[in-house]
Amino acid sequence: MTEKTFPLTKPELEALVKKYPTPFYLYDEGAMRENARRFSAAFSVFPGFCEYYAVKACPNPYILKILASEGFGADCSSLPELILSQKVGLTGEKVMFTSNETPEKEFIYANLMGAVINLDDITHIDYLEKALGTIPELISFRYNPGPLKTGNVLIGNPEEAKYGLTRPQIFEAYADVKKRGAKRFGLHTMVASNELNPDYFIETAVLLFELAVEVQEKTGVSVEFINMGGGIGIPYKPEETAIDYDYIARGMRKAYDKILGPAGLGEVKIFFECGRPITGPYGWLVTQAIHEKHIYREYIGVDASMADLMRPGMYGAYHHLTVLGKEKAPHDQVYDVVGSLCENCDKFAVQRSLPKIDIGDFIIIHDSGAHGRAMGFNYNAKLRAGELLLREDGKIVEIRRRETEADYFATLDFTGLGKFEV
Ligand SMILES: *Cc1c(COP(=O)(O)O)cnc(C)c1O
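Residues numbered from 1 in each chain as written. Predicted model: local features only at pLDDT ≥ 70, side-chain atom pairs only at ≥ 80, totals over all residues. Heavy atoms only, no water.

> Could you give an account of the overall build of the protein, with specific residues and numbers?
Of regular secondary structure, the protein possesses twelve helices and 17 strands. In terms of overall size, the protein behaves like a compact globule, its C-alpha atoms giving a radius of gyration of 23 Å where 422 residues would be expected to give roughly 22 Å. Along the longest, intermediate and shortest principal axes, the C-alpha atoms of the protein span 70 × 65 × 45 Å. Each of the 422 residues in the protein was classed as buried or not, and the buried ones make up 54%. Within the protein, contacts between residues at least 6 apart in sequence are counted, and of these 70% link residues at least 24 apart. Taking the average location of the 47 positive side-chain charges in the protein and that of its 58 negative ones, the two points are 2 Å from each other. (Helix = DSSP H or I, 4+ residues; strand = E, 2+ residues; numbered from the N terminus. Rg over C-alpha atoms; globule rule 2.2 N^0.38 Å. Buried < 20%, exposed > 50% of the residue type's maximum accessible area, 1.4 Å probe, protein only. Contact = heavy atoms within 4.5 Å. Lys, Arg positive; Asp, Glu negative; His and termini not counted. Charge placed at Lys NZ, Arg CZ, Asp CG, Glu CD.)

> Any details on the sheet that holds strand β9 (residues 269–272)? Residues and values, ideally.
Strand order around the closed barrel formed by eight strands is β2-β3-β4-β5-β6-β7-β8-β9, with parallel pairing between neighbours. Sheet twist, expressed as the mean angle between neighbouring strand axes with direction ignored, is 25°. Looking at chain direction, strand β6 (residues 138–143) and strand β7 (residues 184–189) are connected through six bridges and run parallel. Each residue of the ladder has a partner; that of F141, found in β7, is L187. (Pairing = 2+ DSSP bridges. Axes fitted to C-alpha atoms, helices over the stretch in contact; angles between N-to-C directions.)

> Explain the packing of helix α2 (residues 29–43) against helix α9 (residues 245–260) to me, and be specific about the residues and the numbers.
Interaxial distance between α2 and α9 falls to 8 Å at its minimum, and their mutual angle equals 20°. In terms of orientation, α2 and α9 fall into the roughly parallel class. For the element pair α2 and α9, the recorded crossing hand is right-handed. Along its contact with α2, which presents N35, R38, F39, A42 and F43, the element α9 presents Y245, D246, I248, A249 and M252. Grouping the amino acids of the contact of α2 with α9 by side-chain chemistry returns seven nonpolar, one polar and two charged. (Parallel < 35°, antiparallel > 145°, perpendicular 65-115°, else oblique. Left-handed = near helix turned anticlockwise from the far one by under 90°. Nonpolar A, V, L, I, M, F, W, Y, C, P; charged D, E, K, R; others polar.)

> Account for the domain arrangement of the protein, with residues named and values stated.
Taken domain by domain, the protein holds domain 1 (29–279) and domain 2 (281–409). Domain 1 and domain 2 are separated by 32 Å when their C-alpha centres are compared. Taken together, the contact pairs 27 residues of domain 1 with 21 residues of domain 2. Across the interface of domain 1 and domain 2, roughly 2100 Å² is buried in total on both sides, 59% from carbon and sulfur atoms. Contact with domain 2 buries area across many residues of domain 1, yet E29, Y236 and T279 alone supply 30% of it, more than any other trio. Counting across the domain 1 and domain 2 interface gives two salt bridges. A salt bridge links E29 to R391, with the shortest nitrogen-to-oxygen separation between them at 2.5 Å. Broken down by secondary-structure element, the contributors of at least two residues to the side of domain 1 that touches domain 2 are α2, α3 (61–69) and α10 (276–279). (Domains from an automatic or database assignment. Buried area = accessible area lost by both parts, 1.4 Å probe. Salt bridge = Lys/Arg side-chain N within 4 Å of Asp/Glu carboxyl O.)

> Quick one: what's the story with the nonpolar core, residue by residue and with numbers?
Across soluble globular proteins, you tend to see nonpolar side chains buried next to one another. Membership of the largest hydrophobic core comes to 103 residues, with the highest contact counts inside it found for F43, L187, F209, I226, M252 and V337. Considering each element in turn, this core owes the most residues, ten residues, to helix α8 (residues 198–219). Among the domains, domain 1 (29–279) and domain 2 (281–409) are the pair contributing at least three residues each to this core. When neighbours within four sequence positions are excluded, V337 is seen to be in contact with I300, V302, L321, K347, F348, A349, L354 and I363. Core analysis: the second largest hydrophobic core is formed by 15 residues, F6, L16, Y20 and L26 among them. (Core = buried A, V, L, I, M, F, W, Y, C linked by side-chain atoms within 4.5 Å.)

> Tell me about the site of the ligand, residues and numbers included.
Near the ligand lie 14 residues; those nearest to it are K56, E273, G275, R276 and H371. At 2.7 Å, a backbone N or O of G275 approaches an oxygen atom of the ligand. Here an oxygen atom of the ligand sits 2.9 Å away from a polar atom, N or O, in the main chain of R276. Looking at side-chain class alone, the shell around the ligand contains four nonpolar, five polar and five charged residues. (Near = heavy atom within 4 Å. Polar contact = N/O pair within 3.5 Å; in protein donor to acceptor, adjacent residues only side chain to side chain.)

> Just give me the short version of the environment of E101, but keep the residues and values in it.
You can see E101 is positioned in the loop between β4 (95–98) and α5 (104–113). With relative accessibility at 54%, the residue E101 sits in the exposed group. Distance from E101 to K130, taken between C-alpha atoms, is 15 Å for residues 29 residues apart in sequence. The residues touching E101, leaving out its near neighbours within four places in the chain, are D120 and H124.

If you want it as structure tokens, here you go:
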């Protein structure tokens, strides 16, 4: 069971919306820091452990700066994400570049920053060498175990996933980059998304540890780090339970001592690049009910839409909703809570039992601190919500303003219209 909480009372939120009207995202710095420390403490059983926060989950420099101050690095997969990391002082090997279908200039930029380049494919060795004029001293590969591992619903079976190198390619790739002058090596995989079974990660670690030993035997290459990727889930539903970081760390440590130690790989560093469990539970999309509609179903229309948070609309993902101040009221109504897109999938909740909602009620959408604002879009010319941060001293600061019409029109040049003959 996971209790769904919100850090502000109704009067506090009423005061806040006078300055920052809904919808907006709110993040809780103190809760994020507390969780980051628990994460680091659990995995400190591995010397040199580093969590590279997956920037895509919440690409806001203020959040990144907080996480960097907790010792986290950044996991990036695009040029703007690399720039964001640089802006908060994360460069060099504090940055992991786990990209795929990567344009040349992004490899060049990542290399200039000294980021760890994690290649998604064997053909990218040539591509990278051509782009850089050389092979970096440190290079990593993303492994796709194919039929050796079953994936989960969100990411699909590894065999059908576009990512990574096959098993035979992995051996070939290390031998190849070694020949081309690489001196330091890493190994990566990511085979799950939003997975709540801790044993899944221990099994994945065993797979990677055994592979690292085999790589050493077959190619003479000793990897210096093993990157477990992301994929640790969060309890979106109250009846689910959060992953126990200590349980994973202990299980991984046992496998590490059993498999890597005897092979002389007892110094290998362990990395993660989690996004979701790091910030997900500590962010909320705050909306207000602005319409009610009584047709074949009961609808509540809110001022946020799928353009602000697409997970429910895109893959039917569950996000818990609470009506602020009515948490204890009987949940005796059944609603579809919907946004304003001209798309019928724009629903934050479908046939959900909730307390009676009145116009003006605050509807809190929980667990929106990762893959929330970040996945927003501008369809229907919707302007995306801004982001607020609850600091540890109780002050609330705006860390991203909401979009304006001018932002939406920024890529258009209306002055050209006059000369445009039709
Ligand atoms: C998305 C992603 C992550 C982060 O995943 P979470 O589920 O947010 O923890 C890490 N690494 C790679 C390569 C990813 O694509």
